[in-house]
Structures are given as structure tokens and as C-alpha cells.
Amino acid sequence: LTRRRNITRISTGSKNIDDLLGGGIETWAITEFYGEFGAGKTQICHTLCCTVQQSIPDGGLDGGVVYIDTEGTFRPERIMEIAQNRGFNPEDILSRIMVARAYNSAHQELIVKDLGKMIEKHKVKLVIVDSAVAHYRAEFLGRGTLAERQQRLNRFMHNLLRTAEIYNIAVVMTNQVQSAPDSFFGDPTRATGGHVVAHTSTYRIYLRKAGKNRIARMIDSPYHPERDAVFMLNERGINDPAEETSKRK
Ligand code: GTP
Ligand code: MG
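Residues numbered from 1 in each chain as written. Chains lettered and ligands numbered in written order. Predicted model: local features only at pLDDT ≥ 70, side-chain atom pairs only at ≥ 80, totals over all residues. Heavy atoms only, no water.

## Things to note about the overall build of the protein chain
Part 1: Within the protein chain, the regular secondary structure consists of ten helices and 13 strands.
Part 2: Taking 249 residues into account, the globule formula puts the C-alpha radius of gyration at 18 Å, and the protein chain, at 17 Å, falls close to it.
Part 3: Counting only C-alpha atoms and orienting by the principal axes, one finds that the protein chain spans roughly 55 × 45 × 40 Å.
Part 4: By the burial criterion, 52% of the 249 residues in the protein chain qualify as buried.
Part 5: Here the analysis covers contacts within the protein chain between residues at least 6 apart in sequence; of these, 66% occur between residues at least 24 apart.
Part 6: Surface accessibility of the protein chain: about 12,100 Å² in total, with carbon and sulfur atoms responsible for 52%.
Part 7: Taken as two groups, the 34 positive and 29 negative side-chain charges of the protein chain have centres that lie 2 Å from each other. (Helix = DSSP H or I, 4+ residues; strand = E, 2+ residues; numbered from the N terminus. Rg over C-alpha atoms; globule rule 2.2 N^0.38 Å. Buried < 20%, exposed > 50% of the residue type's maximum accessible area, 1.4 Å probe, protein only. Contact = heavy atoms within 4.5 Å. Areas by Shrake-Rupley, 256 points an atom, 1.4 Å probe, with all protein chains shown as cover. Lys, Arg positive; Asp, Glu negative; His and termini not counted. Charge placed at Lys NZ, Arg CZ, Asp CG, Glu CD.)

## Description of the packing of aromatic side chains
Geometry of an aromatic ring pair is reported as the spacing of the ring centres plus the angle between the planes.
Part 1: Applying the stated criterion to the full structure yields five aromatic pairs.
Part 2: Relative to Phe140, the ring of Tyr136 has its centre 6.4 Å away and its plane inclined at 10°; by these criteria the two rings are stacked. The pair formed by Tyr136 and Phe140 is uniform in burial state, with each residue classed as buried.
Part 3: An aromatic cluster of three or more residues is present, and its members are Tyr136, Phe140 and Phe156.
Part 4: Looking at Lys209, its charged tip hangs above the ring of Phe37, at a distance of 4.1 Å from the centre. (Phe/Tyr/Trp six-rings, centres within 6.5 Å; stacked < 30°, edge-to-face > 60°. Lys NZ or Arg CZ within 6 Å of the ring centre and 35° of its normal.)

## Side note on the state of the cysteines
Part 1: In the structure shown here, the tally under the stated rule is zero disulfides.
Part 2: Cys49 takes part in no disulfide bond, and the closest cysteine sulfur to it belongs to Cys50, at a distance of 6.6 Å.
Part 3: A relative accessible area of 0% means that Cys49 is categorised as buried.
Part 4: With a relative accessible area of 1%, Cys50 lands in the buried category. (Disulfide = S-S within 2.5 Å.)

## A closer look at helix α8 (residues 146–167)
Part 1: Look at α8: 32 Å from first C-alpha to last across 22 residues, which is about the 32 Å you get at 1.5 Å a residue.
Part 2: For α8, the complete set of buried residues consists of Arg149, Gln150, Arg152, Leu153, Phe156, Met157, Asn159, Leu160, Leu161, Thr163 and Ala164.
Part 3: At the C-terminal side of α8, Asn168 shows a positive phi close to 50°. (Expected span 1.5 Å × (residues − 1).)

## With respect to the side chain of Glu26
Part 1: Tracing the backbone shows Glu26 in strand β2 (residues 25–26).
Part 2: Using a relative accessible area of 2% as the deciding quantity, one classes Glu26 as buried.
Part 3: Within polar-contact distance, the side chain of Glu26 engages the side chain of Tyr203 at 2.7 Å.
Part 4: The residues touching Glu26, leaving out its near neighbours within four places in the chain, are Arg4, Ile7, Thr8, Arg9, Ala170, Tyr203 and Tyr223. (Polar contact = N/O pair within 3.5 Å; in protein donor to acceptor, adjacent residues only side chain to side chain.)

## Some remarks on the site of ligand 1
Part 1: Neighbouring residues of ligand 1: 14 residues in total, closest Gly38, Lys41, Thr42, Gln43 and Arg78.
Part 2: A distance of 3.2 Å is found between an oxygen atom of ligand 1 and a backbone nitrogen or oxygen belonging to Ala39.
Part 3: One of the side-chain nitrogen or oxygen atoms of Lys41 is found 2.8 Å away from an oxygen atom of ligand 1.
Part 4: Elements that contribute at least two residues to the shell around ligand 1 include exactly α2 (41–51), α3 (76–85) and β12 (228–234). (Near = heavy atom within 4 Å.)

What is shown is where atoms sit, not what they do.
This is the structure:
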């Protein structure tokens, strides 16, 4: 309990999602967002790049970001837009984001092994992996390679978790979905990466589209109840739905 008192939280930019997470993204843990294309995973990552840099009273950790981009979807222009609309200086925000483009799974593993130096030098408080499983999924095809893939993925995930614990930083990763045609009830999608990813990520949040809005659901957590939160994507990155924001004012 004493150790856990050192854990801090990063506001996501959406009050609803912060509530879902019990106040924001925790340090000392891996938070996983998964969902189908366009669900908002990359948008959450981009917004966090801005919010983590806020001062502690404003909901940030006054820290830098390491962004491991495996899909080539990091967009500095989008960061600038989000920063501007949230009242930050876009150049200052960009200058504290270290982007590493990972071209294959081995490259991605190398980057994570070397994170320590970077974290200390740049006062990094958040490491993002968008997306964690995509390379493994593309490189290891067929059942014959499954065992090796899961071993490699397991080691990668544990290195991430260890980094989060040693440096008391937050790790956010995204994950894709695969269809589960054998499920008769409910949503026929599940996260990729199998049990390895499911067991290692501390918090798992499932994102889905609901018309113009998006719904986030806490799927797995050692202490949060399983429930839903509504958010939307707009010029501030992620945000609470319009009617709720105006009600609060
Ligand atoms: P994959 O990486 O393909 O699995 O999807 P993802 O979950 O990462 O999707 P992403 O977070 O990139 O969300 C894409 C969605 O964000 C698009 O459908 C757009 O509707 C929305 N979006 C992106 N940029 C903007 C923007 O500037 N304004 C608004 N309003 N919406 C945006
Ligand atoms: Mg994406």
C-alpha cells in the first residue's frame, strides 16, 4: 500500500474516461486500449502526448513521452492541432515527444530494451506503443509459428511492464481485434495477442463506435468495476460528448 501511494495518474482529456479509470492512466502499469479500426485508439495516444505534459495540479505529470509507432500513424500535425485547442504551445509539446518508428518486431523489442536511458534523460513519464501486436501478427503466420510468437510477445510485454515499474511511468499500448466467429452472444470481436497480452496488461479497455460517439468499457482490472464511458473524437483529440460538456458549464 505504501508503494502504491507513489502511483500517479495522467488525465486522458475526457472526464468520462478518467472516471472509468479511477482518475486517469496510472503509472506503474500497462493500460491497453483495443478495438476495431477507427475506434479512437491512436487518437487517445495523441491526446495523452499533450495531457501528460501538463503540470500535476492540471492532471498531467509534467513529463516527456516516448511514442513507439509500429503502424506509421503518428501525426505531428494532429498533435499540434490538439495542443492548440487545449491551450498549449504546440512547439513546446512536440519538443518533448520522442518518436521511434519500429519497422518490425525485432526492432520494436530493441527500442524497448533501450528505453531506460531515454526515460532518465528526458524525464519521460509516458511510453506509448501503438500498436503492440501488429508486427507479431503480420510476421508469424500460421499455427506452426504460434508458440514462438507468443514467447516473443511475452518477453516484450514483460520488458514493458518492468520498465513501467522500475521508473514509475505509465505505459499505454493499443491492440487490434480479431473476429471470434464462434461467439453466439455479444460482440463477436476479441483482442489479439491471446492470453499473453491479456494477462500482462494491467488494465484493458475495449473501444467501440456508437454512431458519432465512442464507448469505452473497462474489461479487465484488478480493482475497477466493469462499466462503460462515452467519449467523442474532435479537435481536442478525445473529449466528452458535447451535451455533457455544456451541461457541466
Ligand atoms: P486503427 O489504428 O486503424 O486500428 O484505428 P484507431 O482506433 O487507431 O483509429 P484512430 O484513433 O486513428 O481514429 C480514427 C478516427 O478518428 C476517424 O474515424 C475519424 O473519425 C476520427 N478523427 C481523426 N482525426 C480527427 C479530427 O481531426 N477531428 C475529428 N472530429 N475526428 C477525427
Ligand atoms: Mg491507430
